[in-house]
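Breakdown of the fold
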Amino acid sequence: MDQDIATGSAPTPAPVSLKREPFTFTGTTREYFGIWIVNVLLTILTLGIYSAWAKVRRQRYFYGNTWLAGANFEYHARPVQILIGRLIVVTLLVAYQATAYFAPLVSGIIGVAFIFLLPFFVSRGMRFNARVTSYRNVRFDFTGKYGGAFLAYLLGGALVYGTGGILAPLASQWMWNYSLGNLKYGNRPIKCDPRLEKLYGIWWLPAGILVLGWIVIVAVLIGLAVTFSDRLGELLAIVGESLQESRTEGSEGDVNTPSPMTVLIIVYSILIPFFILYAIAALIYRAGTRNVALNETIIDGRHIMSSEIHRGRFAWISISNLVATIATLGLLRPWAAIRMAKYMASVTALDATSSLEEYFGSIQDSGAAVGAEYLDVEGFDLGF
Amino acid sequence: MASDGPIHGTWRQKDKARGHEAELSVASGGLASVTDPSSSTTFAEAPLAAIMISDRVGSIPRRLDFIEAGTFETSDNDAIDRLLKGSGRKHTSFVHGLEKFRPRLAIFVVAVIALCFAIYRFAVPVLVEVAIAATPPVVPELMSKSVLASLDGAVFEPTGLSADKQKAIGDGFDQLKALSPRGKDGYHLHYRKGGFIGPNAFALPDGTVILTDELVDMAKDDEMILGVLAHEIGHVDYDHSLRQLYRAAGVTALIMMIGGDIGSGTEDLLVQGTGLLALSHSRSAETQADRNSVELMYKAGKDPAAIVRFFELIRDKFHDTSNADFFSTHPATPERIEETKRYAEEVKAKGS
């Protein structure tokens, strides 16, 4: 850290006045519900065309209601930019799906090429998103390049899977360093150097939950298997047979495949507890890395970010939001989105050491939204 | 034309973060000016028509861009709306009007639910038909060639069936072709050794039908094999594989479009859910093909229940007696046997 807070020891270079500016979110469910339902309705009525306008209205609502030190953020993307980006991305994805369906060999090659294009999409997408965002009339910019995205997202991702999560903190360090550390505000740099030991400090809890969860689930499964041991042989026979038969499935029209339904149910009921376990561990880990990364983020060498997510509370909000949304066929989605935005704002703050009014910048949004829309349509979550 | 009084807000010079307390007023000629209320210096002046005013979204502050000079921001959305209305400028808040929290939002909710259902039930099938009609024949041909080539490379080996056997099956297949909508040049039968996919038969969208040696060996007589081939001809005639592809692509694209509005967790679950629904679609495709087999075999003067006998053969071989069927790509065998047997008798009874 190139900026230490004066601790009172002499000689003090200049009196550093640290002013904590909290983030606040002022959106309401009542207001957003209307925006949301009209977005969904018009998107469906226009067979998806309106989704570009819907995205702009949604983003403007969320950015515009996020306040820091008496000013709000703003989102400036134009719907037509978004629409063009979306059309290109959807065309590419549909074409890819078609090849995957009918020419698996060719699609494999395209798929590999696609992976190497991904860092390009990421860097362009981040640049687009940064440039259409402003705070106090000054736009953000993003200067990350292909190489950094390759390291952070491809190698980082491979590292997480390849080591069963043991090196996840290293990947997180790369990702935060790339996504936040390349951000500029009014041409001034933003530094984000989450230290590895701190990332490992928040890694223990989700890792422990994962290991413990595995042990519990496996124990329960074994328990069930022993309890129903008299029927186990029968069950295994069905599974074995179905596995054998499932190999006889052709691309279509195979007339001789008996119902693999039993297998599906067994496989799903074994996998679902694991999915839930991984989801919880991932949520807790994600909240922890955000805390570490933001707390080591320094804007323009003088303002320090602060993030104090309570990990259990974050996991609870995420999971209960999802359950509430599904249980109400999506109707509680606006409530869930506002609830999450309010919580995230309430745990985020900026420790400003000087006025936030002195910035200026001349960044204008430029380029197509293809990268950004790829990230959006594919549901990439950059707040990993 | 003039507004009821100055509108309070913040002035920021172009690209500058510093905000100044400011007031906006519009003279009767339509000239808007932003002034400092304490010193009454003018920050900027421009005709109202030349100012870019952001659309109203909820109650977030509005931005009025004085193109080269700077931006006036105000939370007084209603005053800006009055200003726009008074100046006769195009009313931009139509969508905002829809979004207001009023009882009619309940109607929108009902409309969304009804539309989702209607799209899935009616619009997607119509679009699939349109897409199929618009697909030039070269597309299924290319797709089929490519599938056959990759299967030949990865799975199949040349057939080991004797020429006599091939001719016997081929003659029967010719009879079936002649009675089918695409005629004798519309379908091509290929024999292959199935490798690890074992006893099987399948159809490709251009009319290519592949039959594995293993299935021929398993069948007790040639009529059973022809019953299976008639089933595959059904898949070709109904364009089942293209339909499946278009339906999956259309539904997935729609879900992606509203993805941002429903959250990524819900989006993932929806995509999984439509996957399950697609399974039930492929079940009905199987039933359709079974019926095609019965009808076609009957027309050709062969045993319409030949495919039923084949199913019974599988059942005895694999002891599959499970009755549940929702998750299955294909109807559960016992039910399918019953249903097809019943249909075969119905066709026979009608014919005699």
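This text follows the structure it describes.
On a predicted model such as this, the values are computed, not experimentally measured, just so you know.

Looking only at helices and strands, one finds 12 helices and 10 strands in chain A. Every one of the 384 residues in chain A was classed for burial, and the buried ones make up 40%. Within chain A, contacts between residues at least 6 apart in sequence are counted, and of these 69% link residues at least 24 apart.

Our focus in this paragraph is the sheet that holds strand 2 (residues 20-26) of chain B. Residues and elements named next belong to chain B. Reading across from one edge, 4-3-2-1-7-6-5 is the order of the 7 strands in this open sheet, with antiparallel pairing throughout. In this open sheet, the two strands that pair with only one neighbour each are strand 4 (42-47) and strand 5 (52-53). Across 4 bridges, strand 1 (residues 7-13) lies against strand 7 (residues 70-74) in antiparallel orientation. Bridged to Thr10 within strand 7 is Glu73.

Residue and element names in this part refer to chain B. Mapped onto the fold, Ile132 is located in helix 3 (residues 104-134). Sequence separation of Ile132 and Leu142 is 10 residues, and the distance between their C-alpha atoms is 15 Å. Ignoring anything within four residues of it in the chain, the contact list for Ile132 reads Asp239, Leu242, Arg243 and Tyr246.

Let us look at helix 3 of chain B. Side chains three or four residues apart in an α-helix point the same way, a direct result of the helix having 3.6 residues per turn. End to end, helix 3 of chain B covers just 39 Å across 31 residues, shorter than the expected 45 Å (1.5 Å per residue, more than 12% under). The axis of helix 3 of chain B is deflected most strongly, by about 45°, at Ile119 of chain B.

A few words now on the sheet that holds strand 11 (residues 208-212) of chain B. All names here are of chain B. Read across the open sheet, the 4 strands follow the order 8-9-11-10; overall the sheet is mixed. The sheet is open, and its two edges are formed by strand 8 (157-158) and strand 10 (201-203), each paired on a single side. With respect to the sheet, helix 7 (residues 222-237) is in contact with strand 10 and strand 11, its orientation differing from that of strand 10 by roughly 25°.

The next point concerns helix 7 of chain B. Residue and element names in this part refer to chain B. With 16 residues, helix 7 should reach 22 Å at 1.5 Å per residue; the first-to-last C-alpha distance of 22 Å fits that figure. Among the 16 residues that make up helix 7, 13 are buried, leaving the element largely enclosed by the rest of the structure. Positive phi shows up at Asp239, right after helix 7, with a value of about 50°.

On to the packing of helix 1 (residues 29-45) of chain A against helix 2 (residues 51-64) of chain A. Residues and elements named next belong to chain A. Packing of helix 1 against helix 2 leaves a shortest axis separation of 9 Å and a crossing angle of 165°. One way to sum up the angle between helix 1 and helix 2 is to call them roughly antiparallel. The crossing of helix 1 and helix 2 is left-handed. Contacts between helix 1 and helix 2 involve Tyr32, Ile35, Asn39, Leu42 and Thr43 from the former and Ser51, Ala54, Arg57, Arg58 and Tyr61 from the latter. Of the residues assigned to the contact of helix 1 with helix 2, the class counts are 5 nonpolar, 3 polar and 2 charged.

Attention now moves to the pairing of strand 3 (residues 71-75) of chain A. Residue and element names in this part refer to chain A. For strand 3, a buried count of 5 out of 5 residues is recorded, marking the element as mostly surrounded by other parts of the structure. Here 2 bridges tie strand 2 (residues 66-68) to strand 3, and the two strands are oriented antiparallel to one another. Bridge assignment links Trp67 to a residue of strand 3, and that residue is Asn72. Here strand 2 folds back onto strand 3 in antiparallel fashion, the turn holding 2 residues, of which Ala69 has a positive phi close to 50°.

All names here are of chain B. Covered by surrounding structure in strand 3 (residues 31-35) are Ala32 and Val34 only, the residues Leu31, Ser33 and Thr35 on the alternate face being uncovered. Here strand 2 pairs with strand 3 via 4 bridges, running antiparallel. The partner of Glu23 across the bridge, within strand 3, is Thr35. Where strand 2 hands over to strand 3, the hairpin turn is made up of 4 residues, of which Gly30 adopts a positive phi near 95°. Relative to strand 4, strand 3 is paired through 5 bridges, and the arrangement is antiparallel. Its bridge partner lying in strand 4, Ala32 is registered against Ala46. Where strand 3 hands over to strand 4, the hairpin turn is made up of 6 residues, of which Ser40 adopts a positive phi near 50°.

Definitions and cut-offs
Residues numbered from 1 in each chain as written. Chains lettered and ligands numbered in written order. Predicted model: local features only at pLDDT ≥ 70, side-chain atom pairs only at ≥ 80, totals over all residues. Helix = DSSP H or I, 4+ residues; strand = E, 2+ residues; numbered from the N terminus. Buried ≥ 20, exposed ≤ 12 C-beta atoms within 10 Å, placed from the backbone. Contact = placed C-beta atoms within 7 Å. Pairing = 2+ DSSP bridges. Expected span 1.5 Å × (residues − 1). Bend = angle between axes of the 7 residues up to and from the residue. Axes fitted to C-alpha atoms, helices over the stretch in contact; angles between N-to-C directions. Parallel < 35°, antiparallel > 145°, perpendicular 65-115°, else oblique. Left-handed = near helix turned anticlockwise from the far one by under 90°. Nonpolar A, V, L, I, M, F, W, Y, C, P; charged D, E, K, R; others polar.

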